[in-house]
Amino acid sequence: MSKINSVRKGVIIVAGLGTRFLPATKAMPKEMLPVLDKPVVQYIVEEMVASGITEIIFVTSSQKRSIEDHFDRDRDLEHFLKQKGKFEKLSSLVELSSKVRFFYTRQPEPLGNGHALLCARQFLGDEPFVFSDGDSIIDAKIPVVKQLLKVFQYHQSSIIGVQKIHDRVAMTKYGNVYAKPTKEKRVYRVEEFREKPPTDQTSPEGLIVGGMRYVFTKDIWPVLEKQNQGKDNEVWVADAANQLAKKKPFLAYEYEGVYFDTGDKLALLKTAIHFALKDKEMRSEIEKFFGSA
Ligand code: UTP
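Residues numbered from 1 in each chain as written. Predicted model: local features only at pLDDT ≥ 70, side-chain atom pairs only at ≥ 80, totals over all residues. Heavy atoms only, no water.

A. Expanded view of the overall build of the protein chain. Broken down by element type, the protein chain carries 12 helices and 14 strands. At 19 Å, the protein chain has a C-alpha radius of gyration in line with the 19 Å of a compact globule built from 293 residues. A principal-axis box enclosing the C-alpha atoms of the protein chain has dimensions of 60 × 50 × 45 Å. A buried classification covers 48% of the 293 residues belonging to the protein chain. (Helix = DSSP H or I, 4+ residues; strand = E, 2+ residues; numbered from the N terminus. Rg over C-alpha atoms; globule rule 2.2 N^0.38 Å. Buried < 20%, exposed > 50% of the residue type's maximum accessible area, 1.4 Å probe, protein only.)

B. Inspection of the site of the ligand at higher detail. Taken together, 18 residues form the shell around the ligand, and within it Thr19, Arg20, Lys30, Glu31 and Gln107 come nearest. Residue Lys30 places a side-chain N or O atom 2.7 Å away from an oxygen atom belonging to the ligand. Take Asp135: an N or O atom from its side chain is 3.3 Å from an oxygen atom of the ligand. In isolation the ligand has 570 Å² of accessible area, and contact with the protein removes 83% of it. Among the residues making up the shell around the ligand, the classes are represented as 7 nonpolar, 6 polar and 5 charged. (Near = heavy atom within 4 Å. Polar contact = N/O pair within 3.5 Å; in protein donor to acceptor, adjacent residues only side chain to side chain. Areas by Shrake-Rupley, 256 points an atom, 1.4 Å probe, with all protein chains shown as cover. Nonpolar A, V, L, I, M, F, W, Y, C, P; charged D, E, K, R; others polar.)

C. Local environment of the layout of surface pockets. Volume-wise, the second largest pocket comes out at about 290 Å³. The wall of the second largest pocket is formed by 13 residues, among which Ile142, Gln147, Lys150, Tyr253 and Glu256 lie closest to the centre. Counting residues per element, the lining of the second largest pocket draws most heavily on helix H7 (residues 144-155), at 5 residues. Here the lining of the second largest pocket is built from residues that sort into 6 nonpolar, 2 polar and 5 charged. (1 Å grid on protein atoms, 1.4 Å probe; cavity = no way out; pocket = protein on both sides within 12 Å on 5 of 7 lines; lining within 4 Å. Points joined across faces, edges and corners; volume = space filled by probe spheres on them.)

D. The arrangement of the nonpolar core in detail. Residues Ile12, Val45, Ile56, Phe58, Phe71, Val130 and Ile159 are the most contacted members of the largest nonpolar core, which totals 36 residues. Looking at this core, the elements that each hand over two or more residues are helix H1 (40-49), strand E4 (55-60), helix H2 (65-71), helix H4 (88-98), H7 and strand E13 (250-254). By residue number, the principal contributor to this core is H7, which donates 6 residues. When near neighbours in sequence (up to four residues on either side) are disregarded, Ile56 contacts Gly10, Ile12, Val45, Met48, Val100, Arg101, Phe102 and Phe103. In this structure, Val190, Leu207, Val223 and Ala245 belong to the second largest nonpolar core, which totals 35 residues. (Core = buried A, V, L, I, M, F, W, Y, C linked by side-chain atoms within 4.5 Å. Contact = heavy atoms within 4.5 Å.)

E. Up close: the pattern of salt bridges. Per the counting criterion, the structure on display carries 20 salt bridges. The partner of Arg73 in a salt bridge is Glu78, with the nearest N and O atoms 2.7 Å apart. Judged by its relative accessible area of 4%, Glu78 falls in the buried class. Here the residues in one salt-bridge network are Arg8, Lys9, Glu55 and Glu127, joined through shared partners. (Salt bridge = Lys/Arg side-chain N within 4 Å of Asp/Glu carboxyl O.)

Structure (structure tokens):
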């Protein structure tokens, strides 16, 4: 029996300093760096909106005002583009922004992704919600948030999106998820989360967390509120999720899609190349470029 989809709110945290991208990120949010003609964070908003989320709260900081401007209407620019016959350059963003209401709150200091999530607590109340970081793109036919919400509809418990990889050495670079398969395809019951374990202790199922995509129930709040600082003296969502998984059913869903990090130079470059290669014209130009390199 499927239950109604009651999840309408999403949180995207964008308050980090982006030090790996300095000096580019001195005055410019790393979440606004472009992958082709769209900033990274727009891909995440598109994913949420295509999954039925109608209210998004950004957890921001003082350097991130351009994110707010990006999703706001700019009547002068729209008028100008219409007169020049160039409005189609902006129309998809205008349409996207009309489908969702944006809210903003500040994280006063970058004290970790868990601390950033806590800054959105009041906005979310006791509703279940979707949670994402601001610098991961997942290229998927069915938006990953939508895939997770489908599982949530039935189970009504917290869920994390995971990937399966088989390379034990590669697994040591990620958060690993220790989980038992269930009768449902791609659905696991989480027992433990562990950050970057050594090769001989990686998840037996090969489950890792790349980009953060969670659906949380209100059960996360009391745990997160009590969560102590962990690695690098930051408060981590994964540590709180680990505690929650010990108390309540917590699922992992092996989503269909390919995850791209955009948090450092090489990762962003690879992401841009991936999306460029999907475009016929750009693909042939890139092939020529590499062919002549
Ligand atoms: P990162 O772990 O990549 O950290 O954050 P960062 O500070 O942005 O970048 P570096 O490591 O200094 O280069 C992943 C996501 O979580 C957000 C970031 O904005 C990014 O979208 N974040 C991180 C917060 O909102 N607050 C924090 O305290 C930490």
